[in-house]
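Structural features, examined
Each chain, letter by letter, is given below.
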Amino acid sequence: MKYRLNFNNINTVAQLIDGDIQSVLENIFNLEYCGREILINIKELVIGFEENFYTGNIINDKEDISEIITLIDKYISEDDVICEIKKFKCKNCDKKFIYKQDINYMKSNSKVIKNFYEALRTCGNLLNKCNINVLLVPGMEKTALNDTLISEQLERHVYIPAENSCLILQPKELPKKDELYIYNVSKNINVAFNKINLWPGVLLWNKKEKVFIPLSEKKGKKELITLFDLINSNNGNISEIMKKYKESKDIYEESEDIHDKYYYILHLSDLHFGKENINEQKDSLITFIDEINKELEDDKIQTTIISGDLVDSPKSKYYEKFHNFDDELKGIVNKSPIKVYGNHDKYIKGNFILNFMYKIYNKFGENSNDCNKQVDNKILNFMCTKCNKIIKFLDPCNEYVDNIEIVENLKLIIIKFDSNAKYAGLFAEGRIGNYQLKKIEDELNKIKDKDKYLCVAVLHHHPVEIKTENKIQENFIEKVFNYIDKLQEKALILEDALEFIKWINKMNIKVVLHGHKHVYNFNNENAADIIGCGSSIGKVDITDRDDKNYLTFNLIKVNKNTNTPEVCLTYSKSVNDNGLHLIIRMMGEYKFKI
């Protein structure tokens, strides 16, 4: 049976098939741009069940269908459900977002929501009777193959027998080119999103297995026909389908080596060990990373980069907590992370007080010509000496070690910048400085065949402005970080950002990773893709709302053959475990090829 739907709603329908009704309701209630559209799609899906779906012998009578249609006709209209949502939000001080605990409350107190939930659950149970689910995944460009994958006359190209116990999800349109945002991403659908650089393709899944199969533009239609022949003849056994598909050498030869062609860089930032409740969030982050890494199939995380603020203040006991985290992370990635250090790693409470003291000392201290304005700098010297001893013990990216690390087996150069200049500003501003740029440039120019390596620059402070105000209107996760304003931006800025960007462009750096501001960011307006992580461990200063604390990390997918980054996957998850969110962006030149 085949179901055509809008691309934005594929994830929600997949959750419905998998029986994750709570996530389906969260999507409908929170995604204002498509909540009503999802409702309409589900109504069309159920009401058109008999006419549009080939159910075969999986349903012996029509009771299941009639039950759902009765519930829809009796209880479900978009206005009724949305009216209940508005009433709930109004009663809870104009609450912006609804989570699983809210849904449980509404089910207990609203007959409309309770019946709506039951109708969705019955619908999910019906769809879940299929032996295998198929998602057709078109690429982003208009091509003959992509047109076939979204064609209303799919049956002209592939054979779909009426008795086949197979659910086919087919998008009505091509996905957007710039950015894909998936709220509460389904683990099954996530397999396809992880392979976005290999689109177009076909995703197969059932209760036990899941696999994404890319299609080539040259042989795509032939591959599609072969796949559906195997689906029709193997009763939903994905392992058997893949075995026979691989045996078709003339079909499979172009895609058989897609594994081992790629690896992932894990980007973490702003862990702030020492902050309250961080230990519990640390355990959640480790589990989160491990779960995603297992979903990556053969393309695993090969290296980890942390862009600063490992701790909340430079105290030995806080660094011990970070080292425990480091040991747990090595159990997933098999090597220690490459790290730079942030303002909180080097200065008490992130430089706010110490930079102020440096400013006073620089103006009125021992070097001042006015003896009457001299101040006692003993406290300042003591604090700086203690912090530097602690940070030196940890092998930081500063004057004690090299600024460049080479991962030879990956042909990867990681350039580590110290953006924590002593005289950068009164608050938490940063500065690179010409001396550091010149020093690193000289070191890079000494590397033989440097152009064969992927160069990734890492610093703590963000070198481009993060325009949170505009992003608030774009999607859900960005909305929850709306506590950041323009004043905070000025207090966090990299003071010599323009000089740094010019240097990055000149040196042909492809990727810049940063932290500092606890909002993820992606900027491709320069030669390099500039990527911010947010706070990987959910450290947010304003915690009047639990939903503002998100565990966030980036995965940079790199093609081993061309040594180029192709995709940035930003994963985010509430510390309250309110769903997994994913934002996908194409990187570098590759964003023009999908």
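Cut-off values and rules
Residues numbered from 1 in each chain as written. Predicted model: local features only at pLDDT ≥ 70, side-chain atom pairs only at ≥ 80, totals over all residues. Heavy atoms only, no water. Helix = DSSP H or I, 4+ residues; strand = E, 2+ residues; numbered from the N terminus. Contact = heavy atoms within 4.5 Å. Areas by Shrake-Rupley, 256 points an atom, 1.4 Å probe, with all protein chains shown as cover. Polar contact = N/O pair within 3.5 Å; in protein donor to acceptor, adjacent residues only side chain to side chain. Phe/Tyr/Trp six-rings, centres within 6.5 Å; stacked < 30°, edge-to-face > 60°. Lys NZ or Arg CZ within 6 Å of the ring centre and 35° of its normal. Pairing = 2+ DSSP bridges. Axes fitted to C-alpha atoms, helices over the stretch in contact; angles between N-to-C directions. Core = buried A, V, L, I, M, F, W, Y, C linked by side-chain atoms within 4.5 Å. Buried < 20%, exposed > 50% of the residue type's maximum accessible area, 1.4 Å probe, protein only. Parallel < 35°, antiparallel > 145°, perpendicular 65-115°, else oblique. Left-handed = near helix turned anticlockwise from the far one by under 90°. Nonpolar A, V, L, I, M, F, W, Y, C, P; charged D, E, K, R; others polar. pLDDT = per-residue confidence, 0-100. Salt bridge = Lys/Arg side-chain N within 4 Å of Asp/Glu carboxyl O. Arc of directions from axis to C-beta.

**Here we look at the overall build of the protein**
Summing up its helical and strand segments, the protein has 23 helices and 18 strands in all. Long-range contacts, defined here as pairs at least 24 residues apart, represent 73% of the contacts in the protein between residues at least 6 apart. Within the structure as shown, the protein displays about 26,000 Å² of accessible surface, and the carbon and sulfur contribution to it stands at 47%.

**Notes on the environment of V458**
The topology assignment puts V458 in strand β12 (residues 454-458). Linking V458 and I415, residues 43 residues apart in sequence, is a C-alpha distance of 6.0 Å. Residues contacting V458, with those up to four places away along its chain left out, are I305, I306, S307, V340, I414, I415, K416, F417 and L513.

**Points about the side chain of N554**
Relative to the helices and strands, N554 resides in strand β16 (residues 550-559). A distance of 3.1 Å separates the side chain of N554 from the backbone oxygen of G532, its partner in a polar contact.

**Here's the deal with the packing of aromatic side chains**
Summed over the entire model, instances satisfying the criterion amount to 10 aromatic pairs. Within the aromatic cluster, the residues linked to one another by ring pairs are F7, F193 and W199. Directly above the aromatic system of Y117 lies the positively charged group of K107, at a separation of 3.8 Å from the ring centroid. Taking NZ or CZ as reference, K573 lies 5.3 Å from the ring centre of F288, over its face.

**Observations concerning the sheet that holds strand β9 (residues 338-340)**
Read across the sheet, seven strands follow the order β4-β18-β17-β16-β7-β8-β9 without closing on themselves; strand pairing throughout is mixed. Edge positions in the sheet fall to β4 (179-182) and β9, since each of these pairs with one other strand and no more. For this sheet the average axis-to-axis angle between neighbouring strands, irrespective of direction, equals 20 degrees. Here strand β7 (residues 262-268) runs beside strand β8 (residues 301-307); their pairing, made up of five bridges, is parallel. Note on β8: the bridge partner recorded for L268 is I306.

**Topic: unusual backbone geometry**
Geometrically, the link from W199 to P200 is a cis peptide bond, its omega value of 5 degrees lying close to zero. As for its position among the elements, P200 is in the loop between α10 (187-194) and β5 (201-205). Here N334, not a glycine, exhibits a phi torsion of approximately 75 degrees, which is positive. The residue N334 is located in the loop between α15 (316-333) and β9 in this model.

**Quick look at the side chain of Q436**
Secondary-structure assignment places Q436 in helix α19 (residues 434-445). A distance of 3.0 Å separates the side chain of Q436 from the backbone oxygen of I432, its partner in a polar contact. Beyond its immediate chain neighbours, meaning those up to four positions away, Q436 contacts N403, K416, F417 and D418.

**Details of the sheet that holds strand β13 (residues 511-514)**
The six strands are arranged β10-β11-β12-β13-β15-β14 in an open sheet whose pairing can be described as mixed. Each of the sheet's edge strands pairs with one partner strand only, and the pair in question is β10 (404-407) and β14 (520-523). The average undirected angle you get between the axes of adjacent strands in this sheet is 20 degrees. Inspection of the sheet shows β13 paired to strand β15 (residues 529-533) by four bridges, in the parallel sense. Bridged to V512 within β15 is I530. Its contacts with the sheet place α19 against β10 and β11 (412-416), and it is angled at close to 160 degrees to β11.

**Quick notes on the nonpolar core**
Counting 81 residues, the largest nonpolar core has F29, F553 and L555 as the members making the most contacts within it. With seven residues, α15 is the single largest residue contributor to this core. If sequence neighbours within four positions are ignored, F29 has contacts with V81, I85, K89, I98, I103, M106 and I113.

**Points about the packing of helix α14 (residues 278-295) against α15**
Look at α14 against α15: their axes get within 10 Å of each other, and the N-to-C directions meet at 15 degrees. Considered as vectors, α14 and α15 are oriented roughly parallel to each other. In this structure, α14 crosses over α15, and the sense of that crossing is right-handed. Between α14 and α15, the residues in contact are N279, K282, D283, L285, I286, I289, D290 and N293 and K321, F325, E328, L329 and I332, respectively. Looking at the contact of α14 with α15 residue by residue, the class counts come to six nonpolar, two polar and five charged.

**Some details on the environment of K87**
When you line up the elements, K87 lands in helix α6 (residues 78-91). Within polar-contact distance, the side chain of K87 engages the side chain of E84 at 3.0 Å.

**Quick look at the confidence of the model for the protein**
When pLDDT is averaged along the protein, the result is 78, and 70% of the positions lie at 70 or above. The low-confidence segment residues 52-61, where pLDDT is below 50, has 23 contacts with residues more than four positions distant or belonging to other chains.

**Details of the pattern of salt bridges**
Taken as a whole, this structure holds 17 salt bridges when the rule is applied. A salt bridge links K506 to E441; the shortest N-O distance between them is 3.1 Å. Of the two residues, K506 sits in helix α23 (residues 497-506) while E441 sits in helix α19, which places them 65 residues apart along the sequence. Given a relative accessible area of 54%, K506 falls into the exposed group.

**Describing helix α7 (residues 100-109)**
Those residues of α7 lying buried are D102, I103, M106 and K107. Seen from one end, α7 has its buried residues packed into an arc of 140 degrees, which puts them on one side. Turned more than 90 degrees from where α7 packs its buried face, S108 and N109 sit exposed.

**A closer look at α23**
Residue pairs spaced three or four apart in an α-helix point in one direction, given the helix's 3.6 residues per turn. All buried positions along α23 are accounted for by A497, F500, I501, W503 and I504. The buried side chains of α23 occupy one side of the element, clustering within an arc of 160 degrees when seen end-on. The exposed residues of α23 that point more than 90 degrees off its buried face are L498, K502 and K506. Two residues or fewer after α23 comes N508, characterised by a positive phi angle close to 60 degrees.

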